[in-house]
Amino acid sequence: MRVFSGIRPTGDIHIGNYLGAIKNWVNLQDKADCIFCIVDLHALTTPYKAKKLQKNIFDLAVTYLAAGLNPKRCIFFVQSQVKAHVELAWLLSTITPLGELQRMTQFKEKSTKHPESINAGLLNYPVLMAADILLYQTDIVPVGQDQKQHVELARTIARKFNQRFGKVFKEPKVQLQKIGAKIMSLQNPNKKMSKTDSPASYIGLFENPREIKQKIMAAMTDSGKEIIYNPSRKPGISNLLSIYSLFSGKTIKQIEKEFKGKGYAQFKKSLAQVLIKSLALFREKRKELLKNRTKVQKILENGAKKAQTIANSTMEQAKKRMGLN
Ligand code: AMP
Ligand code: TRP
């Protein structure tokens with residue numbers, strides 16, 4: 001079974017990215033044939049600083065390693081180092097209906113957020129993402145809830161191509177976490193946690209204990225005082241319960257029981273401790289990796305070579321079927 005997923009190198013990775021995506025990847029690398037990508041070309045579609053891009057790519061590679069991806073058990077690489085992604089994206093764009101792209105939720109949201117830079121790349125974003133996925137004959141795409149629609153479009157594009165030109169691509173399926181697919185903002189539990197919002201709304205994967213405690217204690221909660229899971233009535237507490245459960249390995253029921261009759265403050269203090277303990281491990285690993293930059297670069301180079309071999313083989317088939325040489 002082939003698994004493929006990616007994250008944009010656009011700055012700090014937060015616990016939402018970890019719980020919604022990376023944590024699941026770490027489990028999958030022992031069970032399936034996994035490829036994880038640093039999708040730098042996708043990062044160009046929203047405002048960014050060219051001077052900071054290479055640093056962000058390197059930091060994301062370090063994050064993947066610190067969070068537990070093992071280059072011996074999976075392939076990971078930088079998207080722009082494998083040219084076939086862009087080439088296949090062009091081919092696929094010629095069979096993707098414009099209307100499908102215009103109705104994508106992320107396109108609409110990002111166009112509203114950055115009205116000054118609604119570029120064609122932002123519209124074509126899902127086509128490049130489809131190319132990422134289809135090049136590797138992917139079965140499963142583990143992502144957060146917000147990417148489900150894009151994976152479904154990749155599936156539609158694969159089917160369209162296969163019907164028109166003959167079978168080249170596998171039709172990929174999305175994989176969402178039961179809890180964790182959508183971790184909410186600490187400041188507004190009705191909005192997803194996002195690295196482009198204020199720092200108080202998210203916890204970075206390498207944040208220090210003082211900041212973690214501060215942010216959790218200041219997290220917005222609901223009226224009342226019971227610690228119970230009910231996302232529609234108690235979105236704030238339910239979000240914190242999800243985070244607690246995913247980091248501690250305890251079920252939500254167990255945690256509810258543990259905090260029965262206790263207040264929000266006590267629950268939050270305990271959650272801060274759980275987070276501080278879990279994230280300390282990541283911080284340690286990151287420190288080690290930052291001392292060995294060439295090792296990280298080598299891992300990316302090796303990954304790109306392996307990815308290229310797989311990608312080129314699919315690319316050749318797709319070109320032939322479309323009548324190109
Ligand atoms: P991005 O930073 O948008 O490239 O997202 C990287 C991965 O993290 C994708 O699989 C997203 O679906 C996932 N993700 C982003 N934000 C959240 C969130 N708040 N909760 C769960 N997963 C998320
Ligand atoms: N669009 C994804 C996101 O914003 C990142 C991404 C690009 C991706 N290509 C991919 C995810 C291929 C899974 C598979 O999170």
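Remember, predicted model here, so these are calculated numbers, not experimental data. (Residues numbered from 1 in each chain as written. Chains lettered and ligands numbered in written order. Predicted model: local features only at pLDDT ≥ 70, side-chain atom pairs only at ≥ 80, totals over all residues. Heavy atoms only, no water.)

## Brief notes about the site of ligand 1
So, point 1. Near ligand 1 there are 18 residues, and of these G144, D146, I183, M193 and K195 occur at the shortest range.
So, point 2. Between ligand 1 and the protein, one listed contact pairs an oxygen atom with a side-chain N or O atom of R8 at 3.0 Å.
So, point 3. One of the side-chain N or O atoms of K195 is found 2.9 Å from an oxygen atom in ligand 1.
So, point 4. Considering ligand 1 on its own, with 480 Å² of exposed area, one finds that the protein chains cover 95% of that surface.
So, point 5. Along the lines of polarity and charge, the residues of the shell around ligand 1 split into six nonpolar, seven polar and five charged. (Near = heavy atom within 4 Å. Polar contact = N/O pair within 3.5 Å; in protein donor to acceptor, adjacent residues only side chain to side chain. Areas by Shrake-Rupley, 256 points an atom, 1.4 Å probe, with all protein chains shown as cover. Nonpolar A, V, L, I, M, F, W, Y, C, P; charged D, E, K, R; others polar.)

## Some points on the layout of surface pockets
So, point 1. The space that makes up the second largest pocket amounts to roughly 250 Å³.
So, point 2. If you go around the second largest pocket, the residues you meet are L41, H42, T45, V86, A89, W90, S93, G121, N124, Y125, V127 and L128.
So, point 3. Mapped onto the lining of the second largest pocket, the elements with two or more residues apiece are α2 (40-43), α4 (84-93) and α7 (120-135).
So, point 4. Broken down by element, the lining of the second largest pocket gets its largest block of residues, five residues, from α7.
So, point 5. Of the residues belonging to the lining of the second largest pocket, the class tally is seven nonpolar, five polar and no charged. (1 Å grid on protein atoms, 1.4 Å probe; cavity = no way out; pocket = protein on both sides within 12 Å on 5 of 7 lines; lining within 4 Å. Points joined across faces, edges and corners; volume = space filled by probe spheres on them. Helix = DSSP H or I, 4+ residues; strand = E, 2+ residues; numbered from the N terminus.)

## Here's the deal with the packing of aromatic side chains
Working definition: an aromatic ring pair is given by the centre-to-centre distance plus the angle between the planes.
So, point 1. Taken as a whole, this structure holds twelve aromatic pairs when the rule is applied.
So, point 2. Considering the side-chain rings of Y18 and F247, the 5.7 Å spacing of their centres and the 20° angle between planes classify their relative orientation as stacked. Residue Y18 is found in helix α1 (residues 15-28), and its partner F247 is found in helix α10 (residues 235-248); the two are separated by 229 residues along the sequence. In this structure, Y18 and F247 share a single accessibility class: buried.
So, point 3. Measuring from centroid to centroid gives 5.5 Å for Y64 and F76, while their planes differ by 80°, and the two rings are edge-to-face. (Phe/Tyr/Trp six-rings, centres within 6.5 Å; stacked < 30°, edge-to-face > 60°. Buried < 20%, exposed > 50% of the residue type's maximum accessible area, 1.4 Å probe, protein only.)

## Concerning helix α6 (residues 105-113)
So, point 1. When we look at burial in α6, the residues that qualify are Q106, F107, K110 and S111. For α6, the angular spread of buried residues about the axis comes to 130°, placing them on one side. Seen from the buried face of α6, the exposed residues on the opposite side, beyond 90 degrees, are E109 and T112.
So, point 2. Where α6 is buried, its residues touch α5 (98-102), α7 and α8 (148-165). (Arc of directions from axis to C-beta. Contact = heavy atoms within 4.5 Å.)

## Thoughts on helix α12 (residues 264-290)
So, point 1. With 27 residues, α12 ought to run about 39 Å at 1.5 Å a step, and its terminal C-alpha atoms sit 38 Å apart, in line with that.
So, point 2. L279 marks where α12 bends most, by close to 25°.
So, point 3. Taken as a whole, α12 has its buried residues at Y264, F267, K268, L271, A272, V274, L275, I276, S278, L279, F282 and L289.
So, point 4. Check the buried side of α12 and you find it contacts α1, α3 (50-66), α9 (209-217), α10, α11 (252-258) and α13 (293-321). (Expected span 1.5 Å × (residues − 1). Bend = angle between axes of the 7 residues up to and from the residue.)

Function cannot be read off these values alone, since they describe shape.
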